[in-house]
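The primary structure of each chain is shown beneath.
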2 protein chains.
Amino acid sequence: MTSHAQKLHNDYPWITPNTPLISSAPMRLISVPSLPLAVSRAGGLGFIAAGTDASSLPTELDDINTSLLHHPIPLTPPGLLPIGIGFILWGSSLPSTLSTLHSTPLKPAAIWLFAPHQTTDLALWTSSIRAASPLTKIWIQTGTVAETLQVALECAPDVLVIQGSDAGGHGLANSSSIISLLPECADALAENGFGDIPLLAAGGISDGRGVAAAWQLGAVGVSMGTRFLATPEAKISNGYRDAVVAARDGGVSTARTTVYDRVRGTAGWPERYDGRGVLNETYWDERGGMGEEENQRLYKEAMGRGDEGWGVEGKGRMTAYAGTGVGLIRKVMGAGEVVREVQRDAVRLLERGSKL
Amino acid sequence: MTSHAQKLHNDYPWITPNTPLISSAPMRLISVPSLPLAVSRAGGLGFIAAGTDASSLPTELDDINTSLLHHPIPLTPPGLLPIGIGFILWGSSLPSTLSTLHSTPLKPAAIWLFAPHQTTDLALWTSSIRAASPLTKIWIQTGTVAETLQVALECAPDVLVIQGSDAGGHGLANSSSIISLLPECADALAENGFGDIPLLAAGGISDGRGVAAAWQLGAVGVSMGTRFLATPEAKISNGYRDAVVAARDGGVSTARTTVYDRVRGTAGWPERYDGRGVLNETYWDERGGMGEEENQRLYKEAMGRGDEGWGVEGKGRMTAYAGTGVGLIRKVMGAGEVVREVQRDAVRLLERGSKL
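Keep in mind that this is a model prediction, so the values were computed, not measured.

*Asks:* In this structure, what is going on with the overall build of chain A? I would like to understand it.
*Replies:* When its secondary structure is counted, chain A shows 15 helices and eleven strands. Taken over the C-alpha trace, chain A has a radius of gyration of 19 Å; the compact-globule value for 356 residues is 21 Å, and the two agree within 12%. Dimensions along the principal axes, computed over C-alpha positions, put chain A at roughly 55 × 55 × 45 Å. Burial analysis of chain A (356 residues in total) assigns 65% to the buried set. Across chain A, the fraction of contacts at a sequence separation of at least 24, relative to all contacts at a separation of at least 6, is 72%. Of the accessible surface of chain A, which amounts to about 12,700 Å², a share of 53% is contributed by carbon and sulfur atoms.

*Asks:* Just checking my understanding: could you explain the packing of aromatic side chains for this structure?
*Replies:* Each aromatic ring pair is described using two quantities: the centre-to-centre distance and the angle formed by the ring planes. Under the criterion given, the structure shown has 26 aromatic pairs over all chains. Between Phe47 of chain B and Trp112 of chain B the ring centres are 5.1 Å apart and the planes differ by 80°, which places this aromatic pair in the edge-to-face class. One end of the pair, Phe47 of chain B, is in strand β2 (residues 45-51); the other, Trp112 of chain B, is in strand β4 (residues 107-114), and 65 residues separate them in sequence. A network of ring pairs unites the aromatic residues Tyr12, Trp14, Phe47, Trp112 and Trp139 of chain A as a single cluster.

*Asks:* Explanation requested: the relation of the copies chain A and chain B in the structure shown.
*Replies:* Here two copies of a chain appear, and what relates them is a rotation about an axis with a shift along it. Of the transformation superimposing chain A on chain B, the axial component is 0.0 Å and the angular component is 180°, with the fit at an RMSD of 0.0 Å. Taken together, the turn and the small shift mark the pair as related by a two-fold rotation axis. In terms of proximity to the rotation axis, the leading residue of chain A is Ala213 of chain A, whose C-alpha is 2.0 Å off the axis.

*Asks:* Help me understand the domain arrangement of chain A, please; the structure alone is not making it clear to me.
*Replies:* Many structure descriptions define interface size as the accessible area lost when the parts assemble. All names here are of chain A. The domain boundaries assigned to chain A delineate domain 1 (3-235 + 333-352) and domain 2 (238-327). The interface is formed by 26 residues belonging to domain 1 together with 22 residues belonging to domain 2. The interface formed by domain 1 and domain 2 contains zero salt bridges. Linking domain 1 with domain 2 are 15 residue pairs in polar contact (both at pLDDT 80 or more). Of all the elements in the fold, those that place two or more residues in the side of domain 1 that touches domain 2 are β7 (169-172) and α9 (226-229). It is β7 that provides the largest number of residues to the side of domain 1 that touches domain 2, a total of four residues. Within the side of domain 1 that touches domain 2, the residues separate by chemical class into 13 nonpolar, ten polar and three charged.

*Asks:* Explain the packing of helix α8 (residues 208-217) of chain B against helix α15 (residues 335-352) of chain B to me, please; I cannot follow it from the model alone.
*Replies:* Packed helix pairs are specified by the crossing angle of their axes together with the interaxial distance, meaning the distance between the axes. Residue and element names in this part refer to chain B. Orientation of α8 relative to α15, taken along the N-to-C sense of each, is 55°, at an axis distance of 7 Å. As the angle between them shows, α8 and α15 are arranged oblique. Seen from above, α8 lies across α15 with right-handed handedness. Counted together, Gly208, Arg209, Val211, Ala212, Trp215 and Gln216 of α8 and Val342, Asp345, Ala346, Leu349 and Leu350 of α15 form the full contact between these two elements. Taken together, the residues of the contact of α8 with α15 break down into seven nonpolar, two polar and two charged.

*Asks:* Even after reading the chapter, I still don't get the interface of chain A and chain B, so can you show me in this structure?
*Replies:* Between chain A and chain B, the contact holds 48 residues from the first and 48 residues from the second. With both sides pooled, the region where chain A packs onto chain B buries about 3,900 Å², and carbon together with sulfur makes up 54% of that total. Linking chain A with chain B are four salt bridges. Connecting chain A to chain B are 16 residue pairs in polar contact (both at pLDDT 80 or more). Looking at the side of chain A that touches chain B, the element that brings in the most residues is helix α7 (residues 178-191) of chain A, giving eight residues. Residue classes in the side of chain A that touches chain B are distributed as 19 nonpolar, 20 polar and nine charged.

*Asks:* Is there a simple way to explain the pattern of salt bridges in this structure?
*Replies:* Opposite charge on two side chains lets them pair, provided their charged atoms get close. Residue and element names in this part refer to chain A. Applying the stated criterion across every chain, the model contains 28 salt bridges over all chains. Across the pair Asp274 and Arg256 runs a salt bridge whose closest N-O atoms are separated by 2.8 Å. One end of the pair, Asp274, is in strand β11 (residues 273-278); the other, Arg256, is in strand β10 (residues 254-257), with 18 residues separating them in the sequence. Since its relative accessible area comes to 18%, Arg256 is described here as buried. Here Glu294 and Arg297 are joined by a salt bridge, their closest N and O atoms 3.0 Å apart. On the criterion of helical spacing, the pair formed by Glu294 and Arg297 is a turn pair, its members being three residues apart in helix α14 (residues 292-303).

*Asks:* Hey, could you run me through the sheet that holds strand β7 (residues 169-172) of chain B in this one?
*Replies:* Sheets are built from strands that pair by backbone hydrogen bonding, the pairs being arranged parallel or antiparallel. All names here are of chain B. Ordered in space as β7-β11-β10, the three strands form an open sheet in which the pairing is antiparallel. Across the chains shown, the open sheet's two edge strands, defined by having one partner strand only, are β7 and β10 (254-257). Strand after strand, the sheet turns through a mean of 35° between neighbouring axes, direction not considered. In this sheet, strand β11 (residues 273-278) lies alongside β10 in antiparallel orientation, the contact comprising four bridges. Within β11, the residue paired with Ala255 across the bridge is Gly277.

*Asks:* Could you clarify how one ought to interpret the environment of Ile64 of chain A in this entry?
*Replies:* Residues and elements named next belong to chain A. Secondary-structure assignment places Ile64 in helix α3 (residues 57-70). On the accessibility criterion, Ile64 (0% relative accessible area) is buried. Sequence-wise, Ile64 and Arg330 are 266 residues apart; in three dimensions their C-alpha atoms are separated by 29 Å. Aside from chain neighbours lying at most four places away, what touches Ile64 is Pro33, Leu37, Ile48, Leu81 and Ile83.

*Asks:* Got a minute to help me understand the sheet that holds strand β2 (residues 45-51) of chain A in this structure?
*Replies:* Residue and element names in this part refer to chain A. Reading around the barrel, the eight strands line up as β1-β2-β3-β4-β5-β6-β8-β9 and close back on themselves, with parallel pairing between neighbours. The sheet shows a mean angle of 25° between the axes of neighbouring strands, taken without regard to direction. In the sheet, strand β5 (residues 137-142) pairs with strand β6 (residues 159-163) via four bridges, with the strands oriented parallel. Its bridge partner being in β6, Thr142 is matched across the sheet by Ile162.

*Asks:* What is the right way to look at the nonpolar core in this model?
*Replies:* Grouped burial of nonpolar side chains is what soluble globular proteins tend to show. With 242 residues, the main nonpolar core has Trp139 of chain A together with Trp139 of chain B as its most contacted residues. Residues within four places of Trp139 of chain B in sequence aside, it is in contact with Tyr12, Leu21, Ser23, Leu45, Phe47, Ala110, Ile111, Trp112, Leu113, Val159, Val161 and Leu200 of chain B.

*Asks:* So what exactly am I meant to see when it comes to the state of the cysteines here?
*Replies:* Working definition: the covalent bond between the sulfur atoms of two cysteines is a disulfide. Summed over all chains, the structure comprises zero disulfides over all chains. In this structure Cys155 of chain B is a free cysteine whose sulfur lies 15 Å from that of Cys185 of chain B, the closest cysteine sulfur available.

*Asks:* When you look at helix α5 (residues 120-132) of chain B in this model, what are you seeing that I'm missing?
*Replies:* Each full turn of the α-helix corresponds to 3.6 residues, which orients residues three or four apart in the same direction. Residues and elements named next belong to chain B. Under the 1.5 Å per step criterion, the end-to-end length of α5 is 19 Å for 13 residues, consistent within 8% with the ideal 18 Å. Restricting attention to buried positions, one finds in α5 the residues Leu122, Trp125, Thr126, Ser128, Ile129 and Ala132. Here the buried face of α5 lies against β3 (80-88), α4 (94-103), β4, β5 (137-142) and α6 (145-155).

What counts and what doesn't
Residues numbered from 1 in each chain as written. Chains lettered and ligands numbered in written order. Predicted model: local features only at pLDDT ≥ 70, side-chain atom pairs only at ≥ 80, totals over all residues. Heavy atoms only, no water. Helix = DSSP H or I, 4+ residues; strand = E, 2+ residues; numbered from the N terminus. Rg over C-alpha atoms; globule rule 2.2 N^0.38 Å. Buried < 20%, exposed > 50% of the residue type's maximum accessible area, 1.4 Å probe, protein only. Contact = heavy atoms within 4.5 Å. Areas by Shrake-Rupley, 256 points an atom, 1.4 Å probe, with all protein chains shown as cover. Phe/Tyr/Trp six-rings, centres within 6.5 Å; stacked < 30°, edge-to-face > 60°. Least-squares fit on C-alpha atoms with pLDDT ≥ 70 in both. Domains from an automatic or database assignment. Salt bridge = Lys/Arg side-chain N within 4 Å of Asp/Glu carboxyl O. Polar contact = N/O pair within 3.5 Å; in protein donor to acceptor, adjacent residues only side chain to side chain. Nonpolar A, V, L, I, M, F, W, Y, C, P; charged D, E, K, R; others polar. Axes fitted to C-alpha atoms, helices over the stretch in contact; angles between N-to-C directions. Parallel < 35°, antiparallel > 145°, perpendicular 65-115°, else oblique. Left-handed = near helix turned anticlockwise from the far one by under 90°. Buried area = accessible area lost by both parts, 1.4 Å probe. Pairing = 2+ DSSP bridges. Core = buried A, V, L, I, M, F, W, Y, C linked by side-chain atoms within 4.5 Å. Disulfide = S-S within 2.5 Å. Expected span 1.5 Å × (residues − 1).

Spelled out as structure tokens, the structure:
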């Protein structure tokens with residue numbers, strides 16, 4: 001194993017050895033306990049999503065504890081929860097997070113920090129969490145080389161999640177894909193003495209090919225969001241899940257936009273972020289000149305239609321955040337099966353790579 | 001070798017065996033004979049750029065013939081020019097192209113077609129070129145899964161160049177990076193009986209890591225443009241070349257825009273295209289509300305300043321088209337050396353890939 005892989009394996013001993021790490025992204029309202037539990041049980045590392053509102057976090061942690069009491073994940077170190085928690089910093093309360101961390105008997109293996117008002121907030125969260133829960137590793141998500149270097153310097157994170165422009169849901173409005181971003185971050189980190197921080201790649205990865213590519217770019221693993229939407233464990237409507245499975249040609253059936261935030265009344269994202277979602281009537285009506293009020297009214301109307309509110313190829317109105325990798329997703333399968341299939345395919349490709 | 005690699009090697013016997021193919025993109029006004037000659041001499045396949053105005057093409061072909069007479073490239077099949085020609089279809093004349101093809105003694109190994117007014121134009125160009133020059137292989141550049149399938153069906157190209165959103169210069173305004181685009185195209189082609197067409201990846205690839213990643217995604221080689229800007233063989237001003245070497249954080253120091261076409265008076269690109277370039281005063285002044293006329297005036301003024309007209313980090317005004325991979329480029333080196341270094345690094349990574 002590489003030193004990065006060895007480091008991850010020391011920190012999360014249940015993960016599958018000799019293969020890139022597969023983690024499931026903390027998707028707000030979607031990554032409920034069943035999803036990360038299935039991912040970690042299959043040798044990956046799953047994240048629940050506190051998002052911007054951690055009020056349900058204690059209940060979710062209780063549910064995970066109960067599940068693990070009945071069916072422990074072998075090799076989990078004592079006192080550790082083999083699950084991570086993701087926070088969207090601009091909307092999260094650090095005191096409430098610390099209080100939850102103090103009161104939970106098992107400490108999360110990792111906490112994933114994303115989207116602060118300013119980068120300096122990350123340092124405060126990092127040091128506070130480390131003081132409250134020394135077992136917990138800090139993962140920080142970045143999207144530019146400058147941000148990555150600053151975070152390395154100010155926070156010394158245990159893992160950096162490098163998110164490229166193909167990613168679904170929220171991310172930087174201006175960025176490159178991981179094709180150039182990952183190696184440029186790796187070089188900048190190495191040149192500045194931070195070469196020991198393992199990098200995970202995120203954005204546009206749906207299968208073993210993307211994982212093998214990410215490995216060649218310098219990542220020791222990946223985080224997938226969109227692929228895990230097409231699992232029974234993801235807490236999404238069937239309409240949303242069907243849209244994910246149906247969408248094709250991910251570069252044109254999705255786009256980065258703020259319209260879905262605006263019609264849903266989601267306020268608070270710092271200006272540098274927008275979100276990638278499947279294009280539907282909400283998007284095209286705005287492009288056609290429809291005013292925001294009318295678009296919001298139609299959106300609310302669509303919410304009443306249940307699963308019928310979603311669609312692909314310009315149909316439907318409801319938000320289906322998804323990355324460009326959506327076109328590679330053809331069927332719903334268990335989250336654990338996703339982890340095993342993707343790891344198996346990635347390893348096969350990496351081993352075959354030498355037979356040029 | 002894979003069957004795709006074998007096919008390329010049969011068609012272009014001088015290319016380095018047992019390694020991904022490296023081709024240099026036909027960059028309008030930049031890819032003059034010295035660049036593709038150096039690339040093909042190093043075991044790649046270089047392209048000159050007819051662009052939208054093929055008037056200098058006969059002279060360029062003469063120059064290449066002369067160079068090859070003095071220093072032939074070993075293993076070149078009789079009658080073949082080990083060089084390709086790229087055409088931007090919306091501005092190119094098919095009759096003039098055919099006349100040049102008829103009169104040139106050595107036939108180009110490949111002709112690269114891009115950016116037609118409508119996809120059906122590609123079929124006419126393909127069949128006409130094949131009739132005029134049976135030795136010449138047809139490369140077609142696409143940027144979506146739908147376009148890729150249509151081109152495969154209507155043109156049966158010898159090679160498909162799949163261009164992702166990270167690419168510099170002109171490309172589709174809406175697309176994904178090759179991370180998801182390449183495998184989704186590969187799947188769609190295989191499912192529709194076109195799995196035998198070799199795919200090259202383009203967009204964001206600057207070094208061996210990008211090439212190894214592209215290989216894992218399903219490409220048998222790559223096309224690089226931006227990387228070859230930083231060679232003495234590229235016909236660009238020192239100011240432009242310096243900007244390429246100086247630019248960092250390629251996802252934020254470049255963006256897709258039409259402003260550089262507008263200030264330069266470049267008209268004719270179909271609406272679905274824009275271009276990625278290094279962000280400078282021209283871009284930021286427009287973002288700040290400057291009118292087009294004033295921006296054009298300042299642009300013309302900057303043209304008079306020579307190399308001083310270019311810059312990075314928001315300085316300079318002159319167009320420096322470049323992809324997100326620009327941040328990985330640190331120095332100027334010979335185009336042949338680029339090919340050899342990138343191939344060597346890619347092979348080393350692919351061979352090491354199995355040692356997980």
